[in-house]
Amino acid sequence: MIDIQDDFLEDGMFNYISNFFQGPSIPWTFCDDIAGPKRNLDEVQFVHVFFNLSDPFLSSEFSHVINPIWEKLQPKYIIRAKANLRTKTSELVQSNWHVDIDIPSSVTSILYFNSNDGYTVFKHGQNVESVANRLVTFDSSLEHAGTSTTSTSARFLLNLNYIPS
């Protein structure tokens, strides 16, 4: 099951959070690969980890910025929250197929912060376009991949893994 919600957050709240992600305040960490071995030199991204259950001492000082998202989702347990920034490439570059986590009953939600020609593709064939303020939620066991963008300077999104209430 793949659930797509457009206009997930109220406009004012979305603009506040989106401006944070696309502004100078968030520290990004460079990752030289995405979901496994690199197949293309353009297969890189920047990440900001807000929380990761596998390393609970790694917690971002900016976690409060995404609290309105958690308040709306009302998860039973939070497993991981990570922002991704993929820079523009001359052609769309898809990452490797992957699952974010392998925990029974967990779901993944992706909130897109800017509209662009990048997308999330599921191994069974469905594509979800990157549309600002769109949330896509799916069972964490579904294999998927993300792409870069060619239409904007970067693709910004928030990847959330959790057990729903």
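Before reading on, note that the structure itself is shown above.
Residues numbered from 1 in each chain as written. Predicted model: local features only at pLDDT ≥ 70, side-chain atom pairs only at ≥ 80, totals over all residues. Heavy atoms only, no water.

What to know about the nonpolar core
- If you look at the biggest cluster of nonpolar residues, it comprises 26 residues, and the most contacted ones within it are F21, F50, I69 and L158.
- Mapped onto this core, the elements with two or more residues apiece are α1 (11-21), α2 (67-73), β4 (75-87), β5 (107-112) and β10 (154-164).
- The element contributing the most residues to this core is β10, with five residues.
- Filtering out sequence-adjacent residues up to four positions away, L158 remains in contact with F21, F50, I66, I69, K82, A83, S109, I110, L111 and F113.
- The next biggest cluster of nonpolar side chains, apart from the first, holds eight residues, and it includes I110, Y112, F122 and V128. (Core = buried A, V, L, I, M, F, W, Y, C linked by side-chain atoms within 4.5 Å. Buried < 20%, exposed > 50% of the residue type's maximum accessible area, 1.4 Å probe, protein only. Helix = DSSP H or I, 4+ residues; strand = E, 2+ residues; numbered from the N terminus. Contact = heavy atoms within 4.5 Å.)

Focus: the sheet that holds strand β3 (residues 45-52)
- With antiparallel pairing, seven strands are arranged side by side in an open sheet as β1-β8-β5-β10-β4-β3-β2. Each edge of the open sheet carries a strand with a single partner, namely β1 (2-5) and β2 (29-31). Looking at each pair of strands side by side, their axes are set apart by 25 degrees on average, direction ignored.
- Here eleven bridges tie β4 to β10, and the two strands are oriented antiparallel to one another. Across the sheet, A83 pairs through a bridge with L158, a residue of β10. (Pairing = 2+ DSSP bridges. Axes fitted to C-alpha atoms, helices over the stretch in contact; angles between N-to-C directions.)

As for the pairing of strand β8 (residues 135-139)
- β8 sits mainly inside the fold: four of its five residues count as buried.
- Across four bridges, β1 lies against β8 in antiparallel orientation. Paired with D3 across the strands is T137, a residue of β8.

Things to note about the pattern of salt bridges
- Under the counting rule described, the total for this entry stands at three salt bridges.
- The partner of D6 in a salt bridge is R134, with the nearest N and O atoms 2.6 Å apart. One end of the pair, D6, is in the loop between β1 and α1; the other, R134, is in the loop between β7 (127-129) and β8, with 128 residues separating them in the sequence.
- Using a relative accessible area of 43% as the deciding quantity, one classes D6 as partly exposed.
- Judged by its relative accessible area of 14%, R134 is buried.
- Taking the shortest distance from any N to any O, the salt bridge between D100 and R80 comes out at 4.0 Å. (Salt bridge = Lys/Arg side-chain N within 4 Å of Asp/Glu carboxyl O.)

Describing the sheet that holds strand β6 (residues 119-122)
- Pairing within the open sheet is antiparallel, and its three strands lie in the order β7-β6-β9. The two strands at the open ends of the sheet, each matched to only one other strand, are β7 and β9 (144-146). When the angles between neighbouring strand axes are averaged without regard to direction, this sheet yields 15 degrees.
- In this sheet, β7 lies alongside β6 in antiparallel orientation, the contact comprising three bridges. Its bridge partner being in β7, V121 is matched across the sheet by N127.

Note that all results are geometric; they support no functional claim without further evidence.
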